[in-house]
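Listed below are the residues making up each chain.
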Amino acid sequence: MYKRQVPEKVVINLHARRNALIPVLTLYGYTVASLLGGAVVIEDIFSYPGMGYWTTQALLNNDVGGIMASTLIFGIVFVIASLLLDIIYALIDPRIRY
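Note that this is a predicted model, so its numbers are computed, not measured. (Residues numbered from 1 in each chain as written. Predicted model: local features only at pLDDT ≥ 70, side-chain atom pairs only at ≥ 80, totals over all residues. Heavy atoms only, no water.)

S.K.: Explain the overall build of the protein chain to me, and be specific about the residues and the numbers.
M.R.: The number of helices and strands found in the protein chain is three helices and zero strands. In the protein chain, the order of α-helices and β-strands from amino to carboxyl end is α-α-α. Relative to the compact-globule value of 13 Å for 98 residues, the protein chain shows a C-alpha radius of gyration of 21 Å, a clear excess of over 25%. Over its C-alpha atoms, taken along the principal directions, the protein chain stretches across nearly 80 × 30 × 15 Å. Buried positions account for 17% of the 98 residues belonging to the protein chain. Long-range pairs, those at least 24 residues apart, make up 46% of the contacts in the protein chain between residues at least 6 apart in sequence. On the protein chain, roughly 7,800 Å² of surface is accessible, and the fraction owed to carbon and sulfur atoms is 69%. For the protein chain, the separation between the mean place of its 7 positive charges and that of its 6 negative charges on side chains is 29 Å. (Helix = DSSP H or I, 4+ residues; strand = E, 2+ residues; numbered from the N terminus. Rg over C-alpha atoms; globule rule 2.2 N^0.38 Å. Buried < 20%, exposed > 50% of the residue type's maximum accessible area, 1.4 Å probe, protein only. Contact = heavy atoms within 4.5 Å. Areas by Shrake-Rupley, 256 points an atom, 1.4 Å probe, with all protein chains shown as cover. Lys, Arg positive; Asp, Glu negative; His and termini not counted. Charge placed at Lys NZ, Arg CZ, Asp CG, Glu CD.)

In structure tokens:
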């Protein structure tokens, strides 16, 4: 009986790569959160004008409106990044349903 083998490239491209991408994408999603926190620290250290510096100044000056606005903006960015990550999960692996 003749057995036909599937080429290694096909197995890697169709099966292994998709399954290996899911943990990597999860790590990228968590990296977004750390980048937001790192922006606050780096902008404060180097006095670079940006969202992180503005957030630090709002904290130091007890500016409640500025603190709430920066928390809202960082939260929106994090939620959008998580939403995009979930959409990419569904595109990569059709078994994932929400």
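S.K.: Just give me the short version of the nonpolar core, but keep the residues and values in it.
M.R.: In this structure, I22, L25, L85, Y89 and I92 together form the largest nonpolar core, which totals five residues. Put simply, the parts of the chain that give this core at least two residues each are helix 1 (8-45) and helix 3 (64-92). Of all the elements, helix 3 adds the most residues to this core, at three residues. (Core = buried A, V, L, I, M, F, W, Y, C linked by side-chain atoms within 4.5 Å.)

S.K.: Before we move on, could you go through unusual backbone geometry and cite the residues and values that matter?
M.R.: Residues other than glycine seldom take positive phi values, yet S47 does so here, at roughly 50°. With respect to the helices and strands, the residue S47 is situated in the loop between helix 1 and helix 2 (51-60). For S47, a relative accessible area of 49% puts it in the partly exposed group. Positioned with a positive phi, N62 is a non-glycine residue whose angle comes to about 55°. Take N62: it is sitting in the loop between helix 2 and helix 3.

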